[in-house]
Amino acid sequence: MEPGSTSPFGGELVITDRRWRAHVPHVMCLVARALAVAGCNASVALTDDRTVQRLNYRDRGKNKPTNVLTYEQPPEILLAFGQVAREAAREGKSIAQHLAHLLVHGALHLDGYDHHHPGEAREMEAEEARLLRRLGVPNPWKSR
């Protein structure tokens, strides 16, 4: 799917870093399934660390890349390939599994979930695990 094209999940999927396609088989299908399970109609940008770092600095004052950024208006989820790949390797999981987790995570942020306080974090993690189970992705919090 080309950048800016409409996807099956209602938003747009923009892929600006070709490594997403090279390392995640059927990436568009994975994005569509993850957002459908989460009941989310956001647009998704699969991009690079540099782009996410620039936006993270501009919008949040943090001059570093992060794995996922979410924006409420319009609803968007942006993911940084390098950061996601490094985390997946460190955690011993596939990039596809980690991508699914972070898409669900971003969708939950758009739905009002947060993880700044322990109670909020437990609630969000439980919901992530529930949704990921529906996708066949192992619970990322189980080994903690």
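To be clear, the structure that these remarks concern was listed above.
The present account deals with the structure reproduced in this document. (Residues numbered from 1 in each chain as written. Predicted model: local features only at pLDDT ≥ 70, side-chain atom pairs only at ≥ 80, totals over all residues. Heavy atoms only, no water.)

As for the packing of helix 5 (residues 95–110) against helix 6 (residues 118–135)
Geometrically, a packed helix pair is captured by the angle between its two axes and the distance between the axes. Keep this limit in mind: Convention adopted: a line fitted to C-alpha atoms gives each axis, helices being fitted over their contacting stretch, and angles between N-to-C directions are expressed from 0 to 180 degrees. Secondary structure elements follow DSSP: runs of H or I no shorter than four residues count as helices, runs of E no shorter than two count as strands, and numbering proceeds from the N terminus. Any angle from 65 to 115 degrees is called roughly perpendicular, while one under 35 is roughly parallel, one over 145 is roughly antiparallel, and all others are oblique. Working rule for handedness: look at the near helix, and if it is turned counterclockwise from the far one by less than a right angle, call the crossing left-handed; if clockwise, right-handed. Residue contacts are counted whenever heavy atoms from the two residues lie within 4.5 Å of one another. Residue polarity follows a fixed list, in which Ala, Val, Leu, Ile, Met, Phe, Trp, Tyr, Cys and Pro are nonpolar, Asp, Glu, Lys and Arg are charged, and the others, Gly among them, are polar.
Two numbers describe how helix 5 lies on helix 6: the axes approach to 10 Å, and their chain directions differ by 130 degrees. Between helix 5 and helix 6, the interaxial angle falls into the category oblique. With respect to the hand of their crossing, helix 5 and helix 6 are arranged in right-handed fashion. Contact residues: Ala100, His101, Val104, His105, Leu108 and His109 in helix 5; Met124, Glu127, Glu128, Leu131, Leu132 and Leu135 in helix 6. In terms of residue class, the contact of helix 5 with helix 6 is built from 7 nonpolar, 3 polar and 2 charged.

Here we look at the pattern of salt bridges
Any two side chains of opposite charge can pair, so long as their charged atoms come close to each other. Our working rule: Salt bridge, as used here, is a side-chain nitrogen of Lys or Arg placed within 4 Å of a carboxyl oxygen of Asp or Glu. Per-residue accessibility, obtained with a 1.4 Å probe over protein chains only, is compared with the maximum for each type, and a residue is labelled buried under 20%, exposed over 50%, and partly exposed between these values.
If you walk through the whole model with that rule in mind, you get 5 salt bridges. We note a salt bridge from Arg130 to Glu127, for which the minimum N-O separation is 2.7 Å. Of this pair, Arg130 and Glu127 are both found in helix 6, 3 residues apart, which corresponds to roughly one turn of the helix. Given a relative accessible area of 37%, Arg130 falls into the partly exposed group. Looking at Glu127, the relative accessible area reads 17%, which means it is buried.

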